[in-house]
Amino acid sequence: MGTTAKSAGGDFPKAPVGTHVARCYQVIDLGHQKITWQGKEKWVPKILLTWELCAELMQDGRPFAVSNRYTLSLAETSQLRPALESWRGKPFTEDELKGFDVKNVLGAYCMLGVVHNSDGNKTYANVSAILPLPKGMPKPPPSNSNLYFDIDTDNIGALPEWLQATIHKSREYTEETTTQTTQQAGPSGGPKEFEDMMSDI
(Lines give C-alpha, C1' and ligand atoms only; values in the text may rest on other atoms or scores of the structure.)
Protein backbone atom coordinates (compact mmCIF):
# COMPACT_ATOMS: atom_id res chain seq x y z
CA MET A 1 0.00 0.00 0.00
CA GLY A 2 3.04 2.33 0.33
CA THR A 3 3.30 5.29 2.67
CA THR A 4 1.64 8.01 0.60
CA ALA A 5 -0.07 10.47 2.94
CA LYS A 6 -3.50 11.81 2.16
CA SER A 7 -5.62 14.38 3.92
CA ALA A 8 -7.48 12.45 6.60
CA GLY A 9 -10.55 10.73 5.24
CA GLY A 10 -10.01 11.89 1.69
CA ASP A 11 -13.01 14.29 1.93
CA PHE A 12 -11.24 17.23 3.59
CA PRO A 13 -9.41 20.04 1.80
CA LYS A 14 -5.70 19.37 1.40
CA ALA A 15 -3.42 20.56 4.19
CA PRO A 16 -1.43 23.63 3.08
CA VAL A 17 2.20 23.41 2.02
CA GLY A 18 4.77 24.54 4.56
CA THR A 19 6.14 23.78 8.01
CA HIS A 20 3.50 23.74 10.72
CA VAL A 21 3.14 23.28 14.46
CA ALA A 22 1.31 19.99 14.62
CA ARG A 23 0.07 17.45 17.13
CA CYS A 24 -0.31 13.70 16.59
CA TYR A 25 -3.84 12.75 17.56
CA GLN A 26 -4.27 9.36 15.88
CA VAL A 27 -2.21 6.18 16.09
CA ILE A 28 -4.06 3.48 14.18
CA ASP A 29 -3.03 -0.17 13.85
CA LEU A 30 -3.96 -1.12 10.27
CA GLY A 31 -2.99 -4.76 10.73
CA HIS A 32 -1.02 -6.67 8.13
CA GLN A 33 -1.65 -5.12 4.72
CA LYS A 34 -0.78 -6.81 1.42
CA ILE A 35 1.94 -5.11 -0.62
CA THR A 36 3.93 -6.04 -3.71
CA TRP A 37 7.70 -5.92 -3.22
CA GLN A 38 10.12 -6.87 -6.00
CA GLY A 39 7.31 -8.60 -7.88
CA LYS A 40 6.15 -10.65 -4.89
CA GLU A 41 3.11 -10.15 -2.68
CA LYS A 42 3.51 -10.23 1.07
CA TRP A 43 1.77 -9.10 4.23
CA VAL A 44 3.44 -6.39 6.31
CA PRO A 45 2.26 -4.69 9.53
CA LYS A 46 1.16 -1.11 8.91
CA ILE A 47 0.22 1.82 11.11
CA LEU A 48 -1.31 5.19 10.36
CA LEU A 49 -0.29 8.40 12.14
CA THR A 50 -2.44 11.53 11.81
CA TRP A 51 -1.53 15.06 12.84
CA GLU A 52 -3.65 18.17 13.27
CA LEU A 53 -2.08 21.43 12.07
CA CYS A 54 -2.64 23.61 15.10
CA ALA A 55 -2.66 27.04 13.42
CA GLU A 56 -4.12 26.10 10.03
CA LEU A 57 -7.91 25.96 10.08
CA MET A 58 -10.43 24.89 7.46
CA GLN A 59 -13.51 26.97 6.71
CA ASP A 60 -15.52 25.11 9.35
CA GLY A 61 -12.99 26.05 12.04
CA ARG A 62 -11.41 22.63 12.41
CA PRO A 63 -7.66 22.23 11.90
CA PHE A 64 -6.34 20.67 8.73
CA ALA A 65 -5.17 17.09 9.19
CA VAL A 66 -2.56 15.05 7.37
CA SER A 67 -1.79 11.34 7.70
CA ASN A 68 1.02 9.00 6.80
CA ARG A 69 1.27 5.22 6.69
CA TYR A 70 4.33 3.41 7.94
CA THR A 71 5.48 -0.17 8.09
CA LEU A 72 5.66 -1.04 11.78
CA SER A 73 9.40 -1.66 11.89
CA LEU A 74 12.51 -0.03 13.37
CA ALA A 75 14.86 -1.64 10.85
CA GLU A 76 17.53 0.68 9.45
CA THR A 77 15.85 0.54 6.05
CA SER A 78 12.40 1.40 7.41
CA GLN A 79 10.74 4.80 6.97
CA LEU A 80 9.36 4.79 10.50
CA ARG A 81 12.71 4.71 12.30
CA PRO A 82 14.25 7.85 10.72
CA ALA A 83 10.91 9.66 11.05
CA LEU A 84 10.74 8.94 14.79
CA GLU A 85 14.43 9.71 15.33
CA SER A 86 14.05 13.05 13.54
CA TRP A 87 10.96 13.80 15.64
CA ARG A 88 12.80 12.93 18.87
CA GLY A 89 15.93 14.77 17.80
CA LYS A 90 18.08 11.79 18.74
CA PRO A 91 18.66 8.19 17.63
CA PHE A 92 17.17 5.19 19.36
CA THR A 93 19.30 3.38 21.90
CA GLU A 94 19.96 -0.33 21.52
CA ASP A 95 17.46 -1.04 24.28
CA GLU A 96 14.78 1.10 22.63
CA LEU A 97 15.29 -0.70 19.33
CA LYS A 98 14.23 -3.93 21.02
CA GLY A 99 10.72 -2.57 21.13
CA PHE A 100 9.26 0.92 20.97
CA ASP A 101 5.52 1.40 21.45
CA VAL A 102 4.47 3.92 18.81
CA LYS A 103 1.49 4.76 21.02
CA ASN A 104 4.00 6.95 22.88
CA VAL A 105 3.73 9.61 20.15
CA LEU A 106 -0.02 10.04 20.69
CA GLY A 107 -0.57 13.64 21.75
CA ALA A 108 3.03 14.64 20.98
CA TYR A 109 3.75 17.95 19.22
CA CYS A 110 6.21 18.55 16.39
CA MET A 111 7.07 20.77 13.46
CA LEU A 112 5.54 19.01 10.47
CA GLY A 113 6.64 19.62 6.89
CA VAL A 114 3.86 19.27 4.32
CA VAL A 115 4.26 19.15 0.53
CA HIS A 116 1.83 18.55 -2.30
CA ASN A 117 2.49 15.77 -4.80
CA SER A 118 0.44 14.78 -7.83
CA ASP A 119 -0.40 11.27 -8.97
CA GLY A 120 -2.32 11.32 -12.20
CA ASN A 121 -5.25 13.69 -11.78
CA LYS A 122 -5.05 13.72 -7.98
CA THR A 123 -2.95 15.87 -5.67
CA TYR A 124 -2.06 14.69 -2.18
CA ALA A 125 -0.78 16.43 0.91
CA ASN A 126 2.30 14.47 2.01
CA VAL A 127 4.42 14.56 5.13
CA SER A 128 7.94 15.61 4.12
CA ALA A 129 9.59 16.03 7.55
CA ILE A 130 8.93 15.66 11.27
CA LEU A 131 11.07 17.79 13.60
CA PRO A 132 11.00 18.49 17.34
CA LEU A 133 9.11 21.52 18.56
CA PRO A 134 11.69 24.25 19.36
CA LYS A 135 12.44 24.68 23.05
CA GLY A 136 10.24 27.26 24.69
CA MET A 137 7.65 27.27 21.91
CA PRO A 138 4.17 27.12 23.46
CA LYS A 139 1.99 24.14 22.66
CA PRO A 140 -1.42 25.15 21.33
CA PRO A 141 -4.37 23.44 23.00
CA PRO A 142 -5.57 20.28 21.23
CA SER A 143 -8.58 20.43 18.91
CA ASN A 144 -9.19 16.72 18.26
CA SER A 145 -9.51 14.01 20.87
CA ASN A 146 -6.71 11.45 20.86
CA LEU A 147 -7.59 8.19 19.13
CA TYR A 148 -5.66 4.94 19.47
CA PHE A 149 -6.73 1.71 17.79
CA ASP A 150 -5.29 -1.78 18.30
CA ILE A 151 -6.60 -4.25 15.74
CA ASP A 152 -6.36 -7.11 18.25
CA THR A 153 -8.36 -5.55 21.07
CA ASP A 154 -10.31 -2.46 20.04
CA ASN A 155 -13.71 -1.90 18.45
CA ILE A 156 -13.37 -1.05 14.77
CA GLY A 157 -16.81 0.56 14.87
CA ALA A 158 -15.29 3.59 16.62
CA LEU A 159 -13.27 4.45 13.50
CA PRO A 160 -14.43 6.47 10.48
CA GLU A 161 -15.67 4.41 7.55
CA TRP A 162 -12.64 5.09 5.34
CA LEU A 163 -10.34 3.64 8.02
CA GLN A 164 -12.65 0.68 8.57
CA ALA A 165 -12.49 -0.06 4.84
CA THR A 166 -8.67 -0.12 4.94
CA ILE A 167 -8.57 -2.34 8.03
CA HIS A 168 -11.09 -4.75 6.51
CA LYS A 169 -8.48 -5.45 3.82
CA SER A 170 -5.94 -6.56 6.44
CA ARG A 171 -4.85 -10.15 6.88
CA GLU A 172 -6.44 -10.16 10.32
CA TYR A 173 -9.88 -9.33 8.93
CA THR A 174 -9.69 -11.32 5.70
CA GLU A 175 -8.69 -14.42 7.67
CA GLU A 176 -11.51 -13.78 10.13
CA THR A 177 -14.02 -13.48 7.30
CA THR A 178 -12.72 -16.65 5.66
CA THR A 179 -12.97 -18.50 8.98
CA GLN A 180 -16.58 -17.42 9.48
CA THR A 181 -17.53 -18.38 5.92
CA THR A 182 -15.88 -21.79 6.23
CA GLN A 183 -17.51 -22.49 9.58
CA GLN A 184 -20.90 -21.79 8.02
CA ALA A 185 -20.20 -24.13 5.11
CA GLY A 186 -21.17 -27.30 6.96
CA PRO A 187 -19.48 -30.73 6.87
CA SER A 188 -17.71 -30.10 3.56
CA GLY A 189 -15.63 -27.30 5.06
CA GLY A 190 -15.68 -27.34 8.85
CA PRO A 191 -13.51 -25.25 11.19
CA LYS A 192 -11.01 -28.06 11.90
CA GLU A 193 -10.25 -28.45 8.19
CA PHE A 194 -9.73 -24.71 7.87
CA GLU A 195 -7.35 -24.61 10.87
CA ASP A 196 -5.30 -27.43 9.34
CA MET A 197 -4.99 -25.49 6.08
CA MET A 198 -3.90 -22.30 7.81
CA SER A 199 -1.20 -24.04 9.83
CA ASP A 200 0.80 -24.56 6.65
CA ILE A 201 0.78 -20.88 5.64
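Since the structure is predicted, the reported quantities are computational estimates derived from the model, not experimental observations. (Residues numbered from 1 in each chain as written. Predicted model: local features only at pLDDT ≥ 70, side-chain atom pairs only at ≥ 80, totals over all residues. Heavy atoms only, no water.)

Novice: I would appreciate a short explanation of the nonpolar core in the present structure.
Specialist: In globular proteins that are soluble, nonpolar side chains generally tend to be buried together. Ranked by internal contacts, the top residues of the largest apolar core, which has 26 residues, are L49, W51, V66, W87, L112 and I130. Taken together, the elements giving at least two residues each to this core come down to β1 (18–37), β2 (40–57), β3 (63–71), α1 (80–88), β4 (109–119) and β5 (122–131). By size, the runner-up hydrophobic cluster in this structure holds 10 residues, among which are I28, L30, I156 and Y173. (Core = buried A, V, L, I, M, F, W, Y, C linked by side-chain atoms within 4.5 Å. Buried < 20%, exposed > 50% of the residue type's maximum accessible area, 1.4 Å probe, protein only. Helix = DSSP H or I, 4+ residues; strand = E, 2+ residues; numbered from the N terminus.)

Novice: Looking at this model, I keep getting lost on the packing of aromatic side chains. Mind explaining?
Specialist: A ring pair, where both rings are aromatic, is described by two values, the distance of the centres and the angle of the planes. Scanning all chains against the criterion turns up two aromatic pairs. Ring geometry for W51 versus W87: centroids 5.9 Å apart, planes at 50°, classification tilted. Here W87 lies in helix α1 and W51 lies in strand β2, a separation of 36 residues in the sequence. For the pair W51 and W87, a shared accessibility class is recorded, and that class is buried. A cation sits over an aromatic face here: K103 above Y148, 4.5 Å from the ring centre. (Phe/Tyr/Trp six-rings, centres within 6.5 Å; stacked < 30°, edge-to-face > 60°. Lys NZ or Arg CZ within 6 Å of the ring centre and 35° of its normal.)

Novice: Quick question: what am I supposed to make of the pairing of β4 here?
Specialist: Along a regular strand, successive side chains alternate from one face of the sheet to the other. Bridge analysis of β1 against β4 gives six bridges, and the strand direction is antiparallel. Note that in β4 the partner of T19 across the bridge is G113. Across nine bridges, β4 lies against β5 in antiparallel orientation. Across the sheet, residue S118 finds its bridge partner in β5, namely T123. Between β4 and β5, which pair antiparallel and follow one another directly, the connecting turn spans two residues, one of which, G120, has a positive phi of 70°. (Pairing = 2+ DSSP bridges.)

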